[in-house]
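What follows is the residue order along each chain.
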Amino acid sequence: MDASSEHGVVPVFFLSDSTGISAETMGNALLLQFPDLQFERTLIPFIHTIEDARRVVALLDEAAAGPVPPLVFTTAASDEVRAELARTTAPIIDFFDLHMNRVETILGRRGQRQAARLHGVNDVKAYNTRMAAVEFTIEHDDGQSLRALEKADVILLAPSRCGKTPTSMYLALQHGLFVANYPLVDEDLEAEDLPEVVRPYLDRCFGLTTTVERLSRVRNERRPGSRYASPEQCRWELRRADALLAAHRLPVIDSSAKSVEEISALILQTLKTTARKRAGRQQAASTEGTRP
């Protein structure tokens, strides 16, 4: 039976012998292409043994016997676990199997096929950097701390509830960036310039904006019927924030039209472009200084 023809909720399972982050990321990237369907997602990580896999297969077979066929994504690296999972009657998409054989053929050697290696846990330095970035970002969330702001790789500026926190955490966890986010409150928005504390770091500042309707709706979920959530207040805050950010020609990203992943990608792209331009200017200055 075709799930799309029944318009039922499609059970989706993300399986992994590690954290499941890869299975979720790649699986959800595909599911986003079907906005008219409703999915019920279940993550099952740390499938380490054949017995673990057998229990999961029993769960999948039960779901496969239901009214809507399930969809299963897996990134399990262990050959034994993958072989056991393949026994399920449910349709299964094995990202590891789809790509690993091709990579091994190109490289001319067999990969380790270890779950820890799949998710990069063995790279201790990169892992520790991400954890330090997360700690910094939590400390500097929503303007809670301005200590060591000079260490920030990115500073996000926006009125409250424009998406600063999820973007900050994604950049920290996935890319190891030290991120601070600063809420532009009424006092800041009534001023003629951006807050003094962030002005020395404008080269790493980014603005986030959204629509009046979306901001009002999100704020109403937190403080129903308040002035804070009124369309008039939201419109004023967004207009003033846009003016302050534009005065310094800071990049501004509309969070109402983009996912956290897309926002982060734009920020990373801008940082790389800025770094290349800075390196080019420094090289040009160095060349100019060495001329006779």
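For the structure itself, consult the block above.
Because the structure is a prediction, the values reported are computed rather than measured. Residue indices follow the written sequence of each chain, beginning from 1 at its first position. Per-residue local features of the predicted model are confined to residues with pLDDT of at least 70, and side-chain atom pairs are confined, for both listing and counting, to 80 or more; whole-chain, interface and lining totals are unaffected and use all residues. Note that the side-chain values use all heavy atoms of the structure and ignore hydrogens as well as water.

1. What to know about the pairing of strand β7 (residues 205-209)
Turning to step 1, where the next piece is worked out: To sort residues, take the accessible area from a 1.4 Å probe on protein chains only and compare it with the maximum for the residue type: under 20% means buried, over 50% means exposed, and anything in between is partly exposed. To qualify as a helix, a DSSP run of H or I must reach at least 4 residues; to qualify as a strand, a run of E must reach at least 2; elements of each kind are numbered from the N terminus. The buried fraction of β7 amounts to five of the five residues, a majority that puts the element mostly inside the structure.
Turning to step 2, where the next piece is worked out: Where burial is concerned, the two faces of β7 agree: the one with Cys 205, Gly 207 and Thr 209 and the one with Phe 206 and Leu 208 are both buried.

2. Thoughts on the sheet that holds strand β2 (residues 39-44)
Whether parallel or antiparallel, the strands of a sheet pair through hydrogen bonds between backbone atoms.
Turning to step 1, where the next piece is worked out: Should DSSP find at least two bridges between two strands, the strands are regarded as paired. Sheet architecture is open: four strands sit in the order β2-β1-β3-β4, paired in parallel fashion. Where the open sheet ends on each side, the last strands, each with one partner, are β2 and β4 (92-94). Direction aside, neighbouring strands of the sheet carry axes that sit 20° apart on average.
Turning to step 2, where the next piece is worked out: Two strands pair when backbone bridges link them, and strand β1 (residues 10-15) and strand β3 (residues 71-74) are joined in this way by four bridges, in the parallel orientation. Following the sheet pairing, Val 12 is matched in β3 by Leu 71. Here an axis means a line fitted to C-alpha atoms, over the contact stretch when the element is a helix, while the angle between two N-to-C directions is reported on a 0 to 180 degree scale.

3. Points about the state of the cysteines
Turning to step 1, where the next piece is worked out: The term disulfide is used for any two cysteine sulfur atoms that are within 2.5 Å. Counted according to the given criterion, the structure contains zero disulfides.
Turning to step 2, where the next piece is worked out: Free of any disulfide, Cys 162 has its nearest neighbouring cysteine sulfur in Cys 234, separated by 8.4 Å.
Turning to step 3, where the next piece is worked out: Here Cys 162 falls in the buried class, since its relative accessible area comes to 2%.

4. Quick word on the packing of aromatic side chains
Turning to step 1, where the next piece is worked out: Ring pairs are drawn from Phe, Tyr and Trp, using the six-membered ring of Trp, whenever the two centres fall within 6.5 Å, and their geometry is named by plane angle: stacked under 30 degrees, edge-to-face over 60, tilted for the rest. Counted according to the given criterion, the structure contains three aromatic pairs.
Turning to step 2, where the next piece is worked out: Centroid distance Phe 14 to Phe 73: 5.8 Å. Interplanar angle 15°. Geometry classified as stacked. With Phe 14 in strand β1 and Phe 73 in strand β3, this pair connects stretches of sequence that are 59 residues apart.
Turning to step 3, where the next piece is worked out: Taken together, a centroid distance of 5.6 Å and an interplanar angle of 5° make the contact between Phe 73 and Phe 95 stacked. One end of the pair, Phe 73, is in strand β3; the other, Phe 95, is in helix α5 (residues 95-107), and 22 residues separate them in sequence. Neither Phe 73 nor Phe 95 differs from the other in exposure class; each is buried.
Turning to step 4, where the next piece is worked out: An aromatic cluster is defined as three or more aromatic residues linked by ring pairs; in this entry it consists of Phe 14, Phe 73 and Phe 95.
Turning to step 5, where the next piece is worked out: If you follow Arg 219 out to its NZ or CZ, it ends over the ring of Tyr 228, 4.2 Å from the centre.
Turning to step 6, where the next piece is worked out: Note on criteria: charge over ring means Lys NZ or Arg CZ within 6 Å of the ring centre, with the direction from the centre no more than 35 degrees off the ring normal. In this structure, Arg 223 is placed above the aromatic ring of Tyr 228, and the distance from its NZ or CZ to the ring centre is 4.4 Å.

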